[in-house]
Amino acid sequence: MTEELEKYILQHIDAEPEHLRRLDRDTHVRLLYARMCSGHLQGRMLKMLVRMINPRLVLELGTYSGYATQCLAEGLLHDEAHVHTIEIEDELEDFISQHLAQSPVRDRITLHIGDAVDILRQLNQQFDLIYIDANKRDYTTYYDLAMAHLRPGGYIIADNTLWDGKVTDPACHDAQTRGIRAFNDRVASDPRVERVILPLRDGLTIIRYSG
Ligand SMILES: C[S@@+](CC[C@H](N)C(=O)[O-])C[C@H]1O[C@@H](n2cnc3c(N)ncnc32)[C@H](O)[C@@H]1O
């Protein structure tokens, strides 16, 4: 997408709330790998998908600065609905918590620090929507675990599933590209689900568990 088109899109979709604009700016100033932050367009997309799915229990694997977490929580409609998010890097905890404290949706979010695989097993809950956005090498492991914790009729959304176009580049054999390819192949051949890949940003796969 050209910069001009992206600018045009951002001018014609819902504005980025002020507290998320501050979070995005602070992420770029204080954290490494700020490119991982979802940002305005993907954030509004996630909020809209939550509005459409209307889940009660949401799980995010890979919090980073908490931008997508807050967008997922913003979309919740049920009074009791809640987002659990898991981040492995404990040095991000203060940053995430500082920004959560200023968020209008802070009461709807629980942050867990630890490995997504361990914590998901401990949570032992059935989710309506699971957003996979952690280590690309482990996407198939997350997928199998997510399917075991997803209620029939629930959804998985997975980010970065086109991995900067590397999925189709025969010269790319790194572990992350292999992880994403294995995930895409697994999802494509799973008879339990319906799936679609949106070429939004780095590729967003939406999966429905038919049950
Ligand atoms: C792409 S970033 C997440 C971006 C965030 N979801 C957003 O959209 O703004 C991936 C994050 O996953 C975390 N991560 C990697 N492996 C993990 C694991 N096994 N469990 C939990 N988090 C993990 C990384 O530390 C990093 O902060």
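Details of the structure are given in the entry above.
Residues numbered from 1 in each chain as written. Predicted model: local features only at pLDDT ≥ 70, side-chain atom pairs only at ≥ 80, totals over all residues.

Asker: How would you explain the overall build of the protein if you had to name every residue and give the values?
Answerer: Helices and strands together make up the secondary structure of the protein, namely 8 helices and 7 strands. By the compact-globule yardstick of 17 Å for 211 residues, the protein fits well, its C-alpha radius of gyration being 16 Å. Taken over the C-alpha atoms alone, the protein extends approximately 40 × 40 × 35 Å along its principal axes. Expressed as a percentage of its 211 residues, the buried residues of the protein come to 36%. Once local pairs closer than 6 in sequence are excluded, the contacts in the protein between residues at least 24 apart make up 69%. (Helix = DSSP H or I, 4+ residues; strand = E, 2+ residues; numbered from the N terminus. Rg over C-alpha atoms; globule rule 2.2 N^0.38 Å. Buried ≥ 20, exposed ≤ 12 C-beta atoms within 10 Å, placed from the backbone. Contact = placed C-beta atoms within 7 Å.)

Asker: Explain the site of the ligand to me, and be specific about the residues and the numbers.
Answerer: The environment of the ligand is made up of 17 residues, and the closest members are S38, G62, Y64, A68 and A116. Counting residues per element, the ones that place at least two in the shell around the ligand are helix 4 (67-74) and strand 2 (82-87). (Near = placed C-beta within 6 Å.)

Asker: Account for the packing of helix 3 (residues 39-53) against helix 4, with residues named and values stated.
Answerer: Close contact between helix 3 and helix 4 brings their axes to 7 Å; oriented N to C, the two are set at 35°. Considering how the two elements wind past one another, helix 3 and helix 4 form a crossing that is right-handed. On helix 4, the residues that touch G43, L46, K47 and V50 of helix 3 are Y67, A68, C71, L72 and E74. Taken together, the residues of the contact of helix 3 with helix 4 break down into 6 nonpolar, 1 polar and 2 charged. (Axes fitted to C-alpha atoms, helices over the stretch in contact; angles between N-to-C directions. Left-handed = near helix turned anticlockwise from the far one by under 90°. Nonpolar A, V, L, I, M, F, W, Y, C, P; charged D, E, K, R; others polar.)

Asker: Let's hear about the pairing of strand 2: which residues, and what values?
Answerer: Counted residue by residue, strand 2 has 5 buried out of 6 residues, so it is predominantly covered. Bridging between strand 1 (residues 57-61) and strand 2 involves 5 bridges; their strand directions are parallel. Each residue of the ladder has a partner; that of L59, found in strand 2, is H84. After leaving strand 1, the chain enters helix 4 and then returns to the sheet as strand 2, a path that is right-handed. Sheet analysis places strand 2 next to strand 3 (residues 109-113), joined by 5 bridges and oriented parallel. The partner of H84 across the bridge, within strand 3, is T110. Read as a crossover between parallel neighbours, the route from strand 2 over helix 5 (residues 93-101) to strand 3 is right-handed. (Pairing = 2+ DSSP bridges. Right-handed = clockwise from strand over helix to strand, strands pointing away.)

Asker: Go over the sheet that holds strand 1 with me, naming the residues and quoting the values.
Answerer: What the 7 strands build is an open sheet, ordered 3-2-1-4-5-7-6; its pairing is mixed. The open sheet has two free edges, formed respectively by strand 3 and strand 6 (193-198), since each of these has just one partner strand. Here the average twist between neighbouring strands, direction ignored, is 15°. Relative to strand 4 (residues 127-132), strand 1 runs parallel, the two being bridged by 4 bridges. Across the sheet, the residue bridging to L59 is I130, located in strand 4. On top of the sheet, helix 3 reaches strand 1, strand 4 and strand 5 (150-159); it is set at about 160° to strand 4, its chief contact.

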